[in-house]
Structure formats: structure tokens, C-alpha cells
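Chain by chain, the residues:
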Amino acid sequence: MSRRDNETFRTVEGRYQSFEEAHPKQRSRSAFANIRLPVLSDEAEKGVGTALGFGLGALLLLLCAVCVAASRSWAALDRSGAQLAYAIAAFFLLLAGLGGIIATYNHIFRVIPGDGGHH
């Protein structure tokens, strides 16, 4: 048997409902209400997307190069565990960097200009 069927619950619920009706909550103002976002042209939007996508891909490739250098320095010190860890990290950073650049190229230059699919 549910506890919500008893008389105590109904009286407490009734008092809560009457309090809510007597004291409605005021909506808080959004912190973003006064922010004016610039409207970019399609070409500017494409340029910003290209710069961000290729830039982040290049950053990941730079981190890959750092991991390769660290892996080689650990190999010189005969620390095979650290060498392997940095080599694995370099491999995944290489995949992420190249994947990001390829995905950006595909989206900016092939998906956006193309016609929408038939649904």
C-alpha cells in the first residue's frame, strides 16, 4: 500500500500546493541576455571553422612529436616501459590529429557545399 494514500500526505500536499500558488517563483534573468553575438557571413564562418579544425589537428600532431621525442629519450635511458607508454600515446595522438584534420576538410569542403540528402 502506498504511503501517499493516507490523510497526512494529502494535508501536507495541500498545504504545499496552496503555498506554491500564493508565492510563485520569479524567473531569474539569464546571464547571457545582454550578450550580442556577432553574425558571421558564410565565408567567415567557413574560415573560422577551418582555422579551428586544422589548428587543433596541428596541435595534436605537435603533441605527437613531443611524445615521439620523449619516447626516444626514454629509450636512450633504457627504460622500456616509459618508452612504450610514450610510443602508444604518440600513436593515438597521431590518429587524433590526422583524423581531426581529415574530418575538418571533409566537413568544410565536402559536406557543407553539398546538397542536403533526401530523407
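> Give me the lowdown on the packing of aromatic side chains, citing residues and values where you can.
Per the stated rule, a full pass over the model turns up two aromatic pairs. Ring centres of Phe91 and Phe92 lie 5.2 Å apart, and the angle between their planes is 70°; on these two criteria the pair is classed as edge-to-face. You can call Phe91 partly exposed: its relative accessible area is 45%. Taking the centre distance of 5.4 Å and the plane angle of 40° together, the rings of Tyr105 and Phe109 count as tilted. One end of the pair is Tyr105 and the other is Phe109, both in helix H3 (residues 80–111) and four residues apart, which spans about a single turn. What makes Tyr105 partly exposed here is its relative accessible area of 45%.

> Which residues make up the packing of helix H2 (residues 42–76) against H3, and what values do they have?
Closest axis-to-axis distance for the H2/H3 pair is 8 Å, and the angle between their directions is 165°. Between H2 and H3, the crossing angle belongs to the class labelled roughly antiparallel. In the crossing of H2 with H3, the sense of the turn from one axis to the other is left-handed. Residue composition of the contact of H2 with H3, grouped by class: 24 nonpolar, eight polar and one charged.

> Break down a nonpolar patch on the surface for me, with residues and values.
Taken together, the side chains of Leu56, Leu59, Leu62, Leu63 and Val66 present a nonpolar region at the surface, about 470 Å² in accessible area. Tracing the backbone through its elements, the reader meets Leu59 in helix H2.

Rules of the game
Residues numbered from 1 in each chain as written. Predicted model: local features only at pLDDT ≥ 70, side-chain atom pairs only at ≥ 80, totals over all residues. Heavy atoms only, no water. Phe/Tyr/Trp six-rings, centres within 6.5 Å; stacked < 30°, edge-to-face > 60°. Buried < 20%, exposed > 50% of the residue type's maximum accessible area, 1.4 Å probe, protein only. Helix = DSSP H or I, 4+ residues; strand = E, 2+ residues; numbered from the N terminus. Axes fitted to C-alpha atoms, helices over the stretch in contact; angles between N-to-C directions. Parallel < 35°, antiparallel > 145°, perpendicular 65-115°, else oblique. Left-handed = near helix turned anticlockwise from the far one by under 90°. Nonpolar A, V, L, I, M, F, W, Y, C, P; charged D, E, K, R; others polar. Patch = residues over 30% accessible without salt bridge, like charges linked within 9 Å, V, L, I, M, F, W, Y side chains within 5 Å. Areas by Shrake-Rupley, 256 points an atom, 1.4 Å probe, with all protein chains shown as cover. Salt bridge = Lys/Arg side-chain N within 4 Å of Asp/Glu carboxyl O.

All we've got here are geometric facts, nothing functional implied.
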